[in-house]
Amino acid sequence: MATTDTAERPAKKLSASATKRVLPGFGLSLGISLFFISLVLLLPISGLFIRAAGMGWEEFWFVITDPRVVASYKVTALAALAASLFNCVFGLLLAWVLVRYEFPGKRLLDAIMDLPFALPTAVAGITLATLFAESGWYGQYLAELGVEVAFTPVGIVVAMAFTSVPFVVRTVQPVLEELAPEDEEAAMSLGASDLTVFRKILFPMLWPAVVTGGALSFARSLGEYGAVIFIAGNSPYVSEVISLMIFVRLEEYDFPAASAIAAVVMTVSLLLLLAINVWQGRYLKRLHGG
Amino acid sequence: MATRKHRRVGDTPLVRRTLIGLAVGMTVLLLFMPLVLIFVQAFADGWGGYISNILSEYTLHAIGLTLLVALLTVPLNLVFGVFLAWLVTRFTFPGRKLLATLIDIPFAVSPVVAGLLYLLLYGSNGWIGQWLGEHDIQLMFSWPGIVMVTVFVTCPFVARELIPLMQQHGREEEEAGVVLGASGWQLFRRVTLPNIRWALLYGVILTNARAVGEFGAVSVVSGNIRGETNTLPLQVELLYQDYNIVGAFAASSLLAGIALLTLVVKAIIEWRQSRN
C-alpha cells in the first residue's frame, strides 16, 4: 500500500504541475497575492496577538474579565443573536417572495435588499437614530405604545438587524431557485396542506442555507460599530457594544487593554469564520450530490 | 405535460397576498423609509441650505479626502483581486483553499479591531511606527493611515465577485488561447476580461462604496482633525454630534447617492445576465 502510494505520488504531482504550466502567470499571481495578504492581513493580525501575548496571563485575564467589558460581551452577543434570528425569519420570507411570486415592484424590492451593504454604517446609524428618536417618524408612535428603541439595547438590535439584512436573503434565494418542484407537487396533489408540505419537504432543504445566512449575519453583527453607536445610548454596563469598549480603552490611551479585548474579539471572529466555512463546505457537498 | 398547472406551496391567493404584503411592508419600513428620511432631512432647509451645507469648508475638504482615499484604494484592490482570483481559479496548488478563506478575514473582523491592528503596528509606539518616527514619517492620524485601513477593509470585494464566476467558466477557453499562442496579457484582455467584466465592474463599484463609507476603522486611525483627516463619514458624525442635523444628512445624502448608484449598477448587471 505504502509503496504504491509513494510510487503514484510523483506521477500525480507531475501531471498537476503540467496543467499548472498551461496558463501563464502562476509565479506572478502567487507572488502578488502572498505579498499583499502577508502585508495587509497577516502582519497586522500577528502584531495584535504578539502584543496581547506579551502582556502576561494575569494582566490579560484581569483586563478581559473587567465587569464592564464582560457586560459589553453579553450586550453584543445577545443583541447579535436577536438581530440574526429576526433576519432568519425576515430573510426567509423575503427570499420566498422574491423567488416564488411575480408582482409589480419586484425588481425594486430585489434591488433595495442590498442597500445595507452599500450604505455607509455611520449614515445608517444617524438615520435609524433619527427615525426612532422620541420625536422621529417611528419613535413618536412607539412612544405612545410605551416602547423605547433609541438609546436602549433594543436600538442596538435594530441597528444590527438593519446592517445584516442581505445575508439570509442572498444565501436562501439561490437555494430556493434551484429546488426541484417534483416532491413538492407530488405532495400537494396528494392533498397535503401547504403548511405540511413546507414543513416536511421544503424546510428540510432550506434550513442549512438559513443557518449559513444567520451565522454570517451574527458574525457581522458582533463587530458592528458605526450603525450601533448612534442609536445605542452607549451607557456602561447597559448598552455598550464590544467594539465601542475597545474604542473607549483606546481613548483612555490604555493600549494593552484595547489589544487584549481586541485579541479576544479577533479570536472569536476567526473561529466563527472558520466554522462557517467548514459548515458551508459540507453543506454544499451534500447539496451537489457529493 | 403542463407542469405549471400543478399547485405549489403558497399558491393560494390569500397566502400569496399576505406574504407579498408582509414582505413589501417590512421592506418599506426597514429599508425604504430610512432612505427617504436621509433626503427629506438633507433638504429640510431647501435647495439653498443643501448647497451651502455641502459647500461648507470642512464638508468640502472631507469630500476631497474621501475621493483621494477611494482613488488610491480601489485600483490597488482591483489589481490584487484580479491576481488572487486568477491564482485561485486557474491553478491547483496546496494551500489554495486556505488563501480563499484568508481573504474573508476582513469581512469577519470588527472595523474597530481593523483600525487597532494598524494603530498597534504603525502608531508611534508600534514596532514599525517607532522606526518610522525616527525617520519623521507619520502614517497614523494622517491620510496614509486612512488609506491603509481602507485597503484592509475592502480588499475581499473584487476577488469575492470574481472567484465564483471564473470557477464556473473553467479554464478551457484560456488554455485554448495559450495553444493559439496568446501572451499572458492578450489572454487576459481578449479571453478572460470579456467573461468577467460585469462582475469586475460590480466588484469595483462595491469596493468604492465601502471605501468611501468606511467608518469604524478610519475613526480609529484618523484622529478626527477637522479639515485635515476627516473623511465624509467622520464628518457626518461630527456634524451630528454638533447638533447640525441638516448638515449631517446633507453630507450623508452624498454617501447615500453613491450607495444607490451601486444598487442601480448591480440591478443593471443582473438584468443583462438574466437576458442572456
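Worth saying up front: this structure is predicted, and the values here are computed from it rather than measured. (Residues numbered from 1 in each chain as written. Chains lettered and ligands numbered in written order. Predicted model: local features only at pLDDT ≥ 70, side-chain atom pairs only at ≥ 80, totals over all residues.)

### Some remarks on the overall build of chain B
For the record, the criterion: In this description a helix means any DSSP run of H or I spanning at least four residues, a strand means any run of E spanning at least two, and both kinds are numbered starting from the N terminus. The exposure label follows from counting other C-beta atoms within 10 Å of a residue's C-beta, where the C-beta atoms are placed from the backbone and the thresholds are 20 or more for buried and 12 or fewer for exposed, leaving partly exposed in between.
A tally of helices and strands in chain B yields 14 helices and zero strands. Starting at the N terminus and walking to the C terminus, you meet the elements of chain B as α-α-α-α-α-α-α-α-α-α-α-α-α-α. Considering only C-alpha atoms, chain B reaches an extent of 70 × 55 × 30 Å along its principal axes. Looking at chain B residue by residue over its 276 residues, the buried ones come to 45%.

### Examining the nonpolar core
To keep it simple, the criterion reads: Put simply, a nonpolar core is a cluster of buried Ala, Val, Leu, Ile, Met, Phe, Trp, Tyr and Cys residues tied together by C-beta atoms within 7 Å. Remark: residues whose backbone-derived C-beta atoms lie within 7 Å of one another are considered to be in contact.
Judged by nonpolar contacts, the single largest core of 161 residues is most densely connected at I246 and I261 of chain A together with L116 of chain B. When sequence neighbours within four positions are dropped, the list of residues in contact with L116 of chain B reads I246, L250, A258 and A262 of chain A together with V220 of chain B.

### What to know about the interface of chain A and chain B
The interface of chain A with chain B comprises 76 residues on the first partner and 75 residues on the second. The dominant element in the side of chain A that touches chain B, judged by the number of residues it contributes, is helix α2 (residues 26-53) of chain A, at 15 residues.

### Re helix α13 (residues 232-241) of chain B
For an α-helix, 3.6 residues make a turn, and residues three or four places apart therefore share a direction. Burial within α13 of chain B is extensive, with eight of its ten residues counted as buried. Within the sequence span of α13 of chain B, burial applies to L232, P233, L234, Q235, V236, E237, L239 and Y240 of chain B. The inward-facing, buried residues of α13 of chain B contact α7 (121-132) of chain A together with α3 (57-90), α11 (184-213), α12 (216-222) and α14 (245-275) of chain B. Residue Y243 of chain B follows α13 of chain B closely and has a positive phi angle near 60°.

### Looking at unusual backbone geometry
All names here are of chain A. Even without being a glycine, N234 presents a positive backbone phi close to 50°. Summarising the element assignment, N234 is placed in the loop between α13 (226-232) and α14 (242-251). Although it is not a glycine, Y237 adopts a positive phi angle of roughly 70°. Look at Y237 and you get exposed, because 12 C-beta atoms sit within 10 Å.

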